[in-house]
Amino acid sequence: MVAEPSPQDNILLDVRGLKKYFPIQRGLLRRTVGYVKAVDDVTFFVREGETLGLVGESGCGKTTAGRTIIRLYEPTAGSALFKTRLLSPDGSPQMVDLLKADKQQLKLLRQEIAMIFQDPINSLNPRMSVSDIIAEPLVIHGRGKGPEVEEIIVNLLERVGLRPEHMRRYPHEFSGGQRQRIGIARALALNPRLVICDEPVSALDVSIQAQTLNLLQDLQADFNLSYIFVAHDLSVVQHVSDRVAVMYVGKIVEMADAEELYINPLHPYTEALMSAVPKPDPLYKSERIVMQGDVADPSNPPPGCYFHPRCRYAVDICSKQTPEFRELRPDHFVACHRAEELQLRGV
Amino acid sequence: MSSGDTLVEVKDLKVEFDVREGIIKAVDGLSLTVKRGRTLGVIGESGCGKSMTARAILNMVPKPGKITGGEILYYRQVGGNGKPLITDVINITKLDPDGELIRQIRGGEIGMIFQEPMSSLTPVYTAGTHINEAVTLHRLIPIRKVGDQLVETIQAHRKVSKQEAREIAIEMLRKVGIPKPEQRVDAYPHQLSGGQRQRVMIAVALSCEPKMLIADEPTTALDVSIEAQILDLMRELQETVDMAIMFITHNLGVIAEMAEEIVVMYMGKQVEQASAVELFYEPQHPYTRALLQSIPHVGKKSRQRLASIAGMVPDPFHLPPGCVFHPRCSSFMPGKCDVIVPGWKQIGPNHWVRCLLYEEV
């Protein structure tokens, strides 16, 4: 059932059976009449220094998964073991469950996990200057004061390609790409080891997108960062990721090495999703697999495999049994009843 | 190209916004031709003037913007059904923006779809204009049934009874792939998903059988699987009704798939124009080249860095002298590019570029 990472792998984060259900409340008494299963039994891991891409269509739970790990949402079930040295008295690494950590532990652990948000306009407080924005995490965690903090801020600004004199300005004085750089500088302020990037480039123009992706890659190499890269753009995700997990209606349906996933997909949803991406080549003969209908409703998903009503390979069993998420090839996980027999097309 | 193929001809169009801080040249000397039944793509980053061009063609530039120069000629064919075809040439820029003629053309002969039909309400319009505009210009009004909105558009442009209009509406919804159109015709916009709303918008736009459809980022807010459905649908419908499409987007994948001819815009000017194949395989302008190199390609795995365009789009109030792209250009020639404004030069049978590399100066 679970993706069993081998011990020699440098696992930084090991998420198992993660669930996040949002209650649907109706009526005067706010009685719970059902649940939106935003994240429904999700299992994955992130190795040290790698980028795990999390892709899927809107509403598939990719953002919720990221936010639940860092406890912006309280999880419904599951565990998320995170390797840290902060909690052991002798500084030796140990795996700590983020989902069970108490308030104090969580505050310590959040120094090591940072987040970059999609919308650089709304994720920066317009009344705070750039230096206040970047200093905030440093102040909260008591890392230095006065000139020390200022030095850290100057370094960070230079590192993300902004100038030191920018620290006295306010977010509205910057362009979208520059604001995203401020967000990145804030995320890096505490020297995190894991950064959850939630659609970090989707609000940016093409030319600015490339600059930002390059910056994220450089920073990863310099600081040995691990990324969870949440995005809906498959070409961007493939470009930045070492491994990719594909989500559909709250579940991961496939997870593999990025190249392997794009060349040899094992899940029909992955195949269809990739065939749907418009290729920037006018001579490309598109043989697109058009998925019929809309994405399933996460409060009332279909029985069996959630994808079966839109799947062109669906057979009887698909509407009856939930497929198991299993490792079919080394490091290639899939949840599909017919994964062994299907010959799917990559890109 | 015989002139009979031309549907809309934009000549040296200028759109300016006179605001407190100064004048923004949103569109600066743009010329292009839309041919009957063909698809013209317009690409560029935000603020390059692509959407303003679209609005100018419908003579609906929002205030304080104004068309300050050039002309937009609409070659309107009248007659048919046994009578000889006569082509009337109408200069859209000279029409009264609230007049009878432009209202017939807008929505009736030139349709438009916007990015996201429910959220594309612009704050510069009053509520009254919104509703008026929605009827002719295809915005969904949240509080009214989609069927009624469709029926109203059809009746505004075709002489049919209410009952007939409703039947056409149901037929249109069926054509665009809305399941159970007989029931959906009575749904309110919020009861539909984003993809379905965009389909309704296409149905509204196509219900009057326009000669041309202006699609401004029609799939940008949608997921890839829904985007694929909408693109397929637009192509299918184009084949059956012989309609020209002006497709505006910043997505290079979408434009490669849809357009036969492509115009690349930067800061209100067209910098390159060619057939889609030529533009993607032999781009000539440094901006086009950089744009094409800066996108990751799905399927081609490389851990390499993306080629990025240095710097950022200039402040519209302080445009650089000479070629507006020169501060970001990898082929910048000091003493030339920052002094001389490049002209629009033809470099192939169907290939134009605005760059001093191709001019003798």
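The rules behind these values
Residues numbered from 1 in each chain as written. Chains lettered and ligands numbered in written order. Predicted model: local features only at pLDDT ≥ 70, side-chain atom pairs only at ≥ 80, totals over all residues. Heavy atoms only, no water. Contact = heavy atoms within 4.5 Å. Buried area = accessible area lost by both parts, 1.4 Å probe. Salt bridge = Lys/Arg side-chain N within 4 Å of Asp/Glu carboxyl O. Polar contact = N/O pair within 3.5 Å; in protein donor to acceptor, adjacent residues only side chain to side chain. Helix = DSSP H or I, 4+ residues; strand = E, 2+ residues; numbered from the N terminus. Nonpolar A, V, L, I, M, F, W, Y, C, P; charged D, E, K, R; others polar. Patch = residues over 30% accessible without salt bridge, like charges linked within 9 Å, V, L, I, M, F, W, Y side chains within 5 Å. Areas by Shrake-Rupley, 256 points an atom, 1.4 Å probe, with all protein chains shown as cover. Buried < 20%, exposed > 50% of the residue type's maximum accessible area, 1.4 Å probe, protein only. Phe/Tyr/Trp six-rings, centres within 6.5 Å; stacked < 30°, edge-to-face > 60°. Lys NZ or Arg CZ within 6 Å of the ring centre and 35° of its normal. Axes fitted to C-alpha atoms, helices over the stretch in contact; angles between N-to-C directions. Parallel < 35°, antiparallel > 145°, perpendicular 65-115°, else oblique. Left-handed = near helix turned anticlockwise from the far one by under 90°.

(A) Summary view of the interface of chain A and chain B. With 43 residues of chain A at the interface, the matching set in chain B holds 45 residues. Both faces considered, chain A and chain B share a buried interface measuring about 3800 Å² in area, 55% of it formed by carbon and sulfur atoms. Among the residues chain A hides against chain B, the three largest losses belong to Val206(A), Pro280(A) and Pro282(A). Together they make up 17% of the total. With its nearest N and O atoms 2.3 Å apart, the salt bridge here joins Glu257(B) to Arg288(A). For the pair chain A and chain B, the number of links is 13 residue pairs in polar contact (both at pLDDT 80 or more). Counting only elements with at least two residues in the side of chain A that touches chain B, the list comes to helix H6 (206–223), helix H7 (234–240), helix H8 (258–263) and helix H9 (268–276) of chain A. No other element matches the 10 residues that H6(A) contributes to the side of chain A that touches chain B. Each residue belonging to the side of chain A that touches chain B can be placed in one class, and the counts come to 19 nonpolar, 14 polar and 10 charged.

(B) Looking closely at a nonpolar patch on the surface. Residues Leu283(A), Val277(B) and Tyr281(B) make up a contiguous nonpolar surface patch of roughly 270 Å² in combined accessible area. Checked against the element boundaries, Tyr281(B) lands in helix H10 (residues 276–281).

(C) The side chain of Arg288(A), seen in detail. Turning to its location among the elements, Arg288(A) is positioned in the loop between H9 and strand S11 (326–329). Given a relative accessible area of 13%, Arg288(A) falls into the buried group. Of the polar contacts made by the side chain of Arg288(A), one reaches the side chain of Asp232(B); its length is 2.9 Å. Engagement of the side chain of Arg288(A) in a polar contact is seen with the side chain of Glu257(B), the distance being 2.3 Å. Excluding anything up to four places from it in sequence, Arg288(A) contacts Ser275(A), Ala276(A), Ala228(B), Leu231(B), Asp232(B), Arg235(B) and Glu257(B).

(D) Summary view of the packing of aromatic side chains. Residues and elements named next belong to chain A. Taken as a whole, this structure holds 10 aromatic pairs over all chains when the rule is applied. Consider the rings of Phe45 and Phe333, whose centres lie 6.3 Å apart with planes at 80°: the pair is edge-to-face. On the criterion of sequence distance, the pair formed by Phe45 in strand S2 (residues 31–47) and Phe333 in strand S12 (residues 332–334) is long-range, its members being 288 residues apart. Overall, Phe333 belongs to the buried group, its relative accessible area being 2%. Through a chain of ring-to-ring contacts, the aromatic side chains of Phe45, Phe325 and Phe333 assemble into a single cluster. Between the NZ or CZ atom of Lys20 and the centre of the ring of Phe22, over which it lies, the distance is 4.9 Å. The aromatic ring of Phe45 is capped on one face by Arg243, whose charged end is 4.2 Å from the ring centroid.

(E) Looking closely at the packing of helix H5 (residues 176–188) of chain A against H6(A). All names here are of chain A. At a closest axis distance of 10 Å, the pairing of H5 and H6 adopts a crossing angle of 15°. One element, H5, and the other, H6, form an angle in the roughly parallel class. Helix-helix and strand crossings are classified by hand; for H5 and H6 the assignment is right-handed. Touching Gly177, Gln180, Arg181, Ile184 and Leu188 of H5 are Ile208, Gln211, Thr212, Leu215, Leu216, Leu219 and Phe223, all from H6.

(F) Main features of unusual backbone geometry. At the junction of Lys63(B) and Pro64(B), the peptide bond is cis and its omega measures out at 0° in the coordinates. Even without being glycine, Val249(A) reaches a positive phi, approximately 45°. Relative to the helices and strands, Val249(A) resides in the loop between strand S9 (243–248) and strand S10 (251–257). Positive phi, close to 50°, is recorded for Asp12(B), a residue that is not glycine.

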